[in-house]
Amino acid sequence: MKRHALALLLVALCGTAAAQPLGRLFYSDEERARLDARRGQPVDNTAPRQVGTVRHDGVVTRSSGPPTWFVNGAPADGETLSALPARTVGATLQLKGADGRPLRLRPGEQAAVDEAGEATPSGAAIDIRPGRTR
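Everything numeric in this text was worked out from a predicted model, so none of it was measured.

About the criteria used
Residues numbered from 1 in each chain as written. Predicted model: local features only at pLDDT ≥ 70, side-chain atom pairs only at ≥ 80, totals over all residues. Heavy atoms only, no water. Buried < 20%, exposed > 50% of the residue type's maximum accessible area, 1.4 Å probe, protein only. Helix = DSSP H or I, 4+ residues; strand = E, 2+ residues; numbered from the N terminus. Pairing = 2+ DSSP bridges. Salt bridge = Lys/Arg side-chain N within 4 Å of Asp/Glu carboxyl O. Contact = heavy atoms within 4.5 Å. Core = buried A, V, L, I, M, F, W, Y, C linked by side-chain atoms within 4.5 Å.

Visitor: How do you make sense of the pairing of strand β7 (residues 110-114) when you look at a structure like this?
Guide: Along any regular strand, the residues point their side chains to alternate faces of the sheet. For β7, the buried fraction is high: four of the five residues fall into the buried class. Bridge analysis of β7 against strand β8 (residues 119-121) gives three bridges, and the strand direction is antiparallel. By the bridge assignment for β8, Ala-111 is matched with Pro-121. Between the antiparallel neighbours β7 and β8 lie four residues, among them Gly-117 with a positive phi of about 80 degrees.

Written out as structure tokens, the structure reads:
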């Protein structure tokens, strides 16, 4: 009997709680007006958004054993480097540039990487251009 009374009490409380309005999801009328104004407008999907940065912190080359690369403040082995959109060229990291040309990062330089895996330099970077043909 007590179980039935308890169940009836819980159903009654849930029914009154469900009848109350939830209110607004956003805190201010300005936020709601801004969202309502943006509703129905076309979304600009032309430019890929930046998803991260690749910072080349340096490389330690030993007389025996593989070199250790430091990328984004952490040591990177061959498996970690293969997961990045970069490959090693000498003491530089080579990324695919946003303009289609390779972008090389020397130690201390960084680049912003977008969703397509293309990089744009964040500061000074080596600009690789084709040489003259002879």
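Visitor: So what exactly am I meant to see when it comes to the pattern of salt bridges here?
Guide: For side chains bearing opposite charge, pairing can occur when the charged atoms are close. Per the counting criterion, the structure on display carries four salt bridges. Arg-101 is paired through a salt bridge with Asp-99; the nearest N and O atoms lie 3.0 Å apart. The shortest N-O distance in the salt bridge between Glu-109 and Arg-106 comes to 3.0 Å. Classification of Glu-109 by relative accessible area gives buried; the value is 8%. In this structure Arg-106 comes out as partly exposed when scored by relative accessible area, which is 40%.

Visitor: So what exactly am I meant to see when it comes to unusual backbone geometry here?
Guide: Apart from glycine, the bulk of residues carry a negative phi angle, and the bulk of peptide bonds sit in the trans form. Phi is positive for Asn-72, which is not a glycine, with a value near 55 degrees. One can find Asn-72 in the loop between β2 (68-71) and β3 (74-76). For Asn-72, a relative accessible area of 36% puts it in the partly exposed group.

Visitor: How should I be thinking about the environment of Ala-74 in this particular structure?
Guide: Tracing the backbone through its elements, the reader meets Ala-74 in strand β3. In this view, Ala-74 contacts Asp-57 and Trp-69; residues no more than four positions away in its chain are not counted.

Visitor: I keep staring at the nonpolar core and nothing clicks. Help me out?
Guide: If you look at soluble globular proteins, the nonpolar side chains tend to sit buried side by side. Val-71, Leu-93 and Leu-95 are the most contacted members of the largest nonpolar core, which has 13 residues in total. Residue assignment for this core shows that the elements contributing at least two residues are β2, β5 (92-96), β6 (102-105) and β7. The residues touching Leu-95, leaving out its near neighbours within four places in the chain, are Pro-85, Ala-86, Arg-101, Pro-102, Leu-103, Leu-105, Ala-111 and Ala-119.

Visitor: What exactly am I supposed to notice about the pairing of β2 here?
Guide: Sheet analysis places β2 next to β3, joined by three bridges and oriented antiparallel. Each bridged residue has a counterpart across the sheet, and for Val-71 the counterpart in β3 is Ala-74. In sequence, β2 turns back onto β3 through a hairpin of two residues, with Asn-72 there showing a positive phi of about 55 degrees.

Such coordinate-based values are descriptive only and should not be taken to indicate function.
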